[in-house]
Amino acid sequence: MHVINVRPEVTEDVRAIDVVHISAFGGEAEAQLVSSLRESTTYNRELSLVAELGGRIVGHALMTRVPMRKDGTEKNVLALGPMSVVPSQSHRGIGSELINACVNLAKEKGYGTIVVMGHPEYYKRFGFVPAKGLQVSCNLPAPEDALTVRELVDGSLAGGGHVEYPEAFIKLY
Ligand SMILES: CC(C)(COP(=O)(O)OP(=O)(O)OC[C@H]1O[C@@H](n2cnc3c(N)ncnc32)[C@H](O)[C@@H]1OP(=O)(O)O)[C@@H](O)C(=O)NCCC(=O)NCCS
């Protein structure tokens, strides 16, 4: 049995990452989002994790540093996404490994909060809770119930705030 290996992205992974997102999402939008973020100053390859199984890339999770604003103050949080696993390898815990690795990496880098847009039922099992309940909103034109957050450092979400995703994410909707 192969072991899942999660590691940061390297240059050679670019095409394989595209293939993961195109097959998992059934379209090119998320792969294009990753490509446009990669060309922006926002992109930090250390926050882009791939999951390998038997030496093949089968999953990818990207985190992007985004501002969260409240009453004239601003702090940086990490936005998780896109994240996906190739359909042929789903239900094997690869998505879970990627999310847990993202949480550990975010803690290691000293971030207080991770936000994620999408499938609240899935992210709940990793300690993500509805953003609305913590007065956290964002600029994506998506249902507010789909935004969840995980506080990594106690108090980092005190008072909530408005998360501003870069333009490339807004185009996805
Ligand atoms: C969602 C996704 C990342 C899960 O990856 P995975 O490797 O299969 O995840 P895991 O094996 O760790 O966990 C699987 C469990 O997640 C749950 N799950 C999967 N998708 C879910 C969803 N949309 N909502 C709620 N739970 C979900 C299932 O209950 C599954 O449990 P099971 O294996 O007992 O049936 C993968 O299915 C995927 O890439 N989907 C398409 C892209 C996508 O939706 N990405 C997330 C965007 S927010």
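Summarised in this report is the structure supplied together with it.

### Section: the site of the ligand
Here comes step 1: Close to the ligand lie 19 residues, the nearest being V85, H91, G93, G95 and S96.
Here comes step 2: For the ligand, an oxygen atom lies 2.8 Å from a polar atom in the backbone of G95.
Here comes step 3: Side-chain polar atom of Y122 to an oxygen atom of the ligand: 3.1 Å apart, as the coordinates give it.
Here comes step 4: The protein chains hide 69% of the 880 Å² of surface that the ligand would expose on its own.
Here comes step 5: Elements with a minimum of two residues in the shell around the ligand: α1 (14–25), β4 (73–85), α3 (94–108) and α4 (120–124).
Here comes step 6: Looking at the shell around the ligand residue by residue, the classes come out as eight nonpolar, eight polar and three charged.

### A few points about the nonpolar core
Here comes step 1: Counting 55 residues, the largest nonpolar core has M63, L80, V163 and Y165 as the members making the most contacts within it.
Here comes step 2: Contacts of Y165, omitting those with residues within four sequence positions, involve V66, A79, V115, V116, M117, C138, N139, L140, L147 and I170.

### What about the pattern of salt bridges?
Close approach of charged atoms lets side chains of opposite charge pair.
Here comes step 1: Tallying each qualifying case throughout the model produces nine salt bridges.
Here comes step 2: Taking the shortest distance from any N to any O, the salt bridge between E46 and K109 comes out at 2.2 Å. Placement of E46 in the loop between α2 (29–38) and β2 (48–53) and of K109 in the loop between α3 and β5 (113–117) is noted, with a sequence separation of 63 residues between them.
Here comes step 3: According to the relative accessible area criterion, K109 is partly exposed, its value standing at 38%.
Here comes step 4: Put simply, K132 and D145 hold a salt bridge, and the shortest N to O gap is 3.3 Å. Placement of the pair is K132 in the loop between β6 (129–130) and β7 (136–138) and D145 in the loop between β7 and β8 (147–151), with a sequence separation of 13 residues.
Here comes step 5: A single network of salt bridges, built from pairs that share partners, joins R7, D13 and E52.

### Quick look at α2
Here comes step 1: If you check which residues of α2 are buried, you get E30, A31, L33, V34 and L37. For α2, the arc enclosing every buried residue in end-on projection is 155°, short of the 170-degree limit, so these residues lie on one face.
Here comes step 2: If you follow the buried residues of α2, they end up packed against α1, β3 (56–70), β4 and α5 (167–170).

### A word on α1
Here comes step 1: Relative to the 16 Å expected for twelve residues at 1.5 Å per residue, α1 spans 17 Å between its end C-alpha atoms, a close match to the ideal helical length.
Here comes step 2: Taken together, the buried positions of α1 are I17, D18, V20 and H21. Projected down its long axis, α1 shows its buried positions confined to an angular sector of 160°, all on one face.
Here comes step 3: The inward-facing, buried residues of α1 contact α2, β2, β3 and β4.

What counts and how
Residues numbered from 1 in each chain as written. Predicted model: local features only at pLDDT ≥ 70, side-chain atom pairs only at ≥ 80, totals over all residues. Heavy atoms only, no water. Near = heavy atom within 4 Å. Polar contact = N/O pair within 3.5 Å; in protein donor to acceptor, adjacent residues only side chain to side chain. Areas by Shrake-Rupley, 256 points an atom, 1.4 Å probe, with all protein chains shown as cover. Helix = DSSP H or I, 4+ residues; strand = E, 2+ residues; numbered from the N terminus. Nonpolar A, V, L, I, M, F, W, Y, C, P; charged D, E, K, R; others polar. Core = buried A, V, L, I, M, F, W, Y, C linked by side-chain atoms within 4.5 Å. Buried < 20%, exposed > 50% of the residue type's maximum accessible area, 1.4 Å probe, protein only. Contact = heavy atoms within 4.5 Å. Salt bridge = Lys/Arg side-chain N within 4 Å of Asp/Glu carboxyl O. Arc of directions from axis to C-beta. Expected span 1.5 Å × (residues − 1).

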